[in-house]
Amino acid sequence: MIKKFTKYLTVALIMSAQLIFSQSDNDGKELGLPGDNLDLYAVMTLFQKSKTIEEFEKNLNLEKTGINNLDLNLDKKVDFIKVITKKDGNSFTFVLQVAVSKTENQDVAVIFVDKDKNGKVKMQIVGDELLYGKDYIIEPVSKSSAAKTSNPAYTGDDPVQSAPAVTAVVVETVPIVQYVYSPAYVPYYPPYYYGFYPPYFAAFTVLAVGIYRHNHYYHHHGYHGGHYHGGHNNVYINNRNSFNNYNNNRSRSNTVRDNSTNNRYNTNRGNSRPSASTRPSAGNSNRAGNTNASGRTRQSSSPSAGTSNINRGSSSNSNFNRGGASSRPSAGQMGGGSRSMGGGGFGGGGGRRR
């Protein structure tokens, strides 16, 4: 009886290992850069579904949506990403930025939304070169495609990869586009900076890259571009003026550059997620104490009251890069699969100092 049980257990373990390997293989190749912790395909999906910029910023930073897993200052806690909006005629630039320290900001990615004279709207997201490598840019697919199934009997140089059906996105109809081009649009200026964050933001521990990427990989099928699979990215910037204006004023952090150069961002590439924890109540964090969705209260010190200004780090004119997104399960759900991005009560009300 024991021998039988041992035999079945061995078979089960082998099958589980094969399944895990298969899932990892299907998730595609990692970049080996900090951008592996913020899937831009998932970010773009969230952006399109958002009704306002404040809502987008809030859901981007909530633990329960599982999209933000970025830790640029290496304190083992996810960083707050603020969204800075710039407008020039019918062109919008939305900059995703992290305050790495009191004196340094780092742009993570930028979203371009442009409307031409015929009312046609184009949307792209571009990853910063330090985080995603050169020429990382993605955009929603413009044409639908049927599902594809691989043929195991085919032995040629270009086998068909299995892929789900993809539905084209009519950019003009997505909620965020309708909002920014409507009379109801109100410019949003985030008041947050290093140590001063909104009440809804609670520091949470970063997730292992393998698990994080597996949770979000299903988003990748609805877009063109990126370079997770290697090769040349044939998606290019639509509006060169918006690109040049942004590139001339981008924020770059010397700390991030140094950490990236010295390969310090590969510390969470294990296969398991660390247990959730809070930032120390003193010394190591300036995030205000608050209670998150699961009811856990976090205590931390915040900076003294003062005028809230958005610090920007030194800018750089280095060559631009381009574009890539998804969602993560709530704490305790280690497996793959998707989940809805819940998040009651939106609106990006300004944070309060505590």
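In this convention, every chain numbers its residues from 1, walking through the sequence in written order. With the structure being a predicted model, the display of local features is reserved for residues of pLDDT at least 70 and the display and counting of side-chain atom pairs for 80 or more, all residues being used for whole-chain, interface and lining totals. With hydrogens and water excluded, all non-hydrogen atoms of the structure serve as input to the side-chain values.

Chemist: What is the right way to look at the packing of helix α2 (residues 40-49) against helix α3 (residues 53-61) in this model?
Modeler: Angle between the axes and distance between the axes: these two values describe a pair of packed helices. In this analysis, axes come from line fits to C-alpha atoms, helices being fitted only over the stretch in contact, and the angle between any two N-to-C directions falls in the range 0 to 180 degrees. Put simply, DSSP H or I for four residues or longer makes a helix, DSSP E for two residues or longer makes a strand, and each gets a number counted from the N terminus. Taken N-terminus to C-terminus, the directions of α2 and α3 make an angle of 145°; their axes are 9 Å apart at the nearest point. For the pair α2 and α3, the sense of crossing is right-handed. Residue-level inspection shows V43, L46, F47 and K49 of α2 in contact with α3, the latter providing I53, E55, F56, N59 and L60. When residues are grouped by polarity, Ala, Val, Leu, Ile, Met, Phe, Trp, Tyr, Cys and Pro land in nonpolar, Asp, Glu, Lys and Arg in charged, and all others, Gly among them, in polar. Its residues assigned to classes, the contact of α2 with α3 comprises six nonpolar, one polar and two charged. For any helix crossing, the convention is left-handed if the near helix is rotated counterclockwise from the far helix by under a right angle, and right-handed if that rotation is clockwise. Residues count as neighbours in contact if any of their non-hydrogen atoms are within 4.5 Å of one another.

Chemist: Hey, could you run me through the environment of I211 in this one?
Modeler: Secondary-structure assignment places I211 in helix α6 (residues 209-216). We call a residue buried when its accessible area falls under 20% of the maximum for its residue type, exposed when it is over 50%, and partly exposed in between, using a 1.4 Å probe and counting protein chains only. For I211, a relative accessible area of 11% gives the class buried. The sequence separation of I211 and R269 amounts to 58 residues, and the corresponding C-alpha distance is 9.0 Å.

Chemist: How do you make sense of the nonpolar core when you look at a structure like this?
Modeler: For soluble globular proteins, nonpolar side chains are generally found buried alongside one another. To define a nonpolar core, start from buried Ala, Val, Leu, Ile, Met, Phe, Trp, Tyr and Cys residues and group those joined through side-chain atoms within 4.5 Å. Within the largest apolar cluster, 61 residues are counted, with the highest numbers of intra-cluster contacts made by L38, F47, V108, V113 and M123. Ranked by the residues each element gives to this core, the list is headed by α2, at seven residues. Ignoring any residue separated from it by four or fewer positions in sequence, one finds V113 in contact with F47, N90, S91, F92, F94, V121, K122, M123, V177 and Y181. With ten residues, the next largest nonpolar core counts I84, V95, I137 and V235 among its residues.

Chemist: Looking at this structure, I do not really get the pairing of strand β4 (residues 121-127). What am I missing?
Modeler: A regular strand carries its side chains on alternate faces of the sheet. The element β4 is extensively covered by neighbouring structure, given that six of its seven residues are classed as buried. Two strands are counted as paired when DSSP detects at least two bridges linking them. Alignment of strand β3 (residues 105-115) against β4, held across seven bridges, turns out to be antiparallel. In the strand pairing of β4, V113 is matched with M123. As paired elements, β4 and strand β5 (residues 137-140) share two bridges and run antiparallel to each other. Across the sheet, residue V126 finds its bridge partner in β5, namely I137.

Chemist: Quick question: what am I supposed to make of the pattern of salt bridges here?
Modeler: For side chains bearing opposite charge, pairing can occur when the charged atoms are close. One speaks of a salt bridge when a side-chain nitrogen belonging to Lys or Arg is within 4 Å of a carboxyl oxygen belonging to Asp or Glu. One pass over the structure, following the stated rule, counts six salt bridges. In this structure, R269 and E30 form a salt bridge, with 2.5 Å as the shortest nitrogen-oxygen distance. Of this pair, R269 sits in the loop between α8 (254-261) and β7 (290-291) while E30 sits in the loop between α1 (2-26) and α2, placing them 239 residues apart in sequence. A relative accessible area of 32% means that E30 is categorised as partly exposed. Among the charged side chains, a network of salt bridges with common partners joins E30, D36, R213 and R269.

Chemist: I would appreciate a short explanation of the sheet that holds strand β6 (residues 223-225) in the present structure.
Modeler: Within a sheet, neighbouring strands are paired by backbone hydrogen bonds and run either parallel or antiparallel to one another. Strands sit in the order β1-β2-β3-β4-β5-β6 across an open sheet of six strands; the sheet is antiparallel. The sheet is open, and its two borders are formed by β1 (81-88) and β6, each paired with just one other strand. Strand-to-strand twist in this sheet, taken as the mean axis angle between neighbours without regard to direction, amounts to 25°. Summarising the sheet, β1 and strand β2 (residues 91-99) pair through eight bridges and their orientation is antiparallel. Its bridge partner lying in β2, K82 is registered against Q97. Those strands touched by α2 are β2, β3, β4, β5 and β6, and its axis lies near 145° from that of β4. Lying on the sheet, helix α7 (residues 240-247) is in contact with β1, β2 and β3; it crosses β3 at an angle near 160°.

Chemist: Would you mind going over α2 with me for this structure?
Modeler: Two residues of an α-helix separated by three or four positions point the same way, owing to the 3.6 residues in each turn. With nine of ten residues buried, α2 is to be regarded as a mostly interior element. For α2, the full list of buried residues reads L40, Y41, A42, V43, M44, T45, L46, F47 and Q48. The N-terminus of α2 is capped by D39, whose side-chain oxygen sits 2.9 Å from the backbone nitrogen of Y41. By the criterion applied in these results, polar contacts are pairs of N or O atoms within 3.5 Å in which, for protein atoms, one can donate a hydrogen and the other can accept it, and in which residues neighboring in sequence qualify only through two side-chain atoms.

Chemist: Explain the environment of D75 here, please?
Modeler: Tracing the backbone shows D75 in the loop between α3 and β1. Given a relative accessible area of 24%, D75 falls into the partly exposed group. Sequence spacing of D75 and T205 is 130 residues, and the spatial spacing of their C-alpha atoms is 9.2 Å.

Chemist: So what exactly am I meant to see when it comes to the packing of aromatic side chains here?
Modeler: What describes a pair of aromatic rings is the distance from one ring centre to the other and the angle between the planes of the rings. By convention, a stacked pair of Phe, Tyr or Trp rings (six-membered ring in the case of Trp) has centres within 6.5 Å and planes under 30 degrees apart, an edge-to-face pair has planes over 60 apart, and any other such pair is tilted. As enumerated under the stated definition, the model contains 15 aromatic pairs in all. Centre to centre, the rings of F80 and Y197 are 5.5 Å apart; their planes meet at 50°, and the pair counts as tilted. Within this pair, whereas F80 is found in the loop between α3 and β1, its partner Y197 is found in the loop between α5 (175-180) and α6, the two being separated by 117 residues in sequence. You'll find F80 and Y197 in the same group, each marked buried. One aromatic cluster is present, built from ring pairs that chain together F47, F56, F92, F94, Y179, Y181 and Y185. A cation over a ring is seen here: K115 above Y181, with NZ or CZ 4.2 Å from the ring centre. Each ring is checked for a lysine NZ or an arginine CZ that lies within 6 Å of its centre and within 35 degrees of its normal; such an atom marks a charge sitting over the ring.

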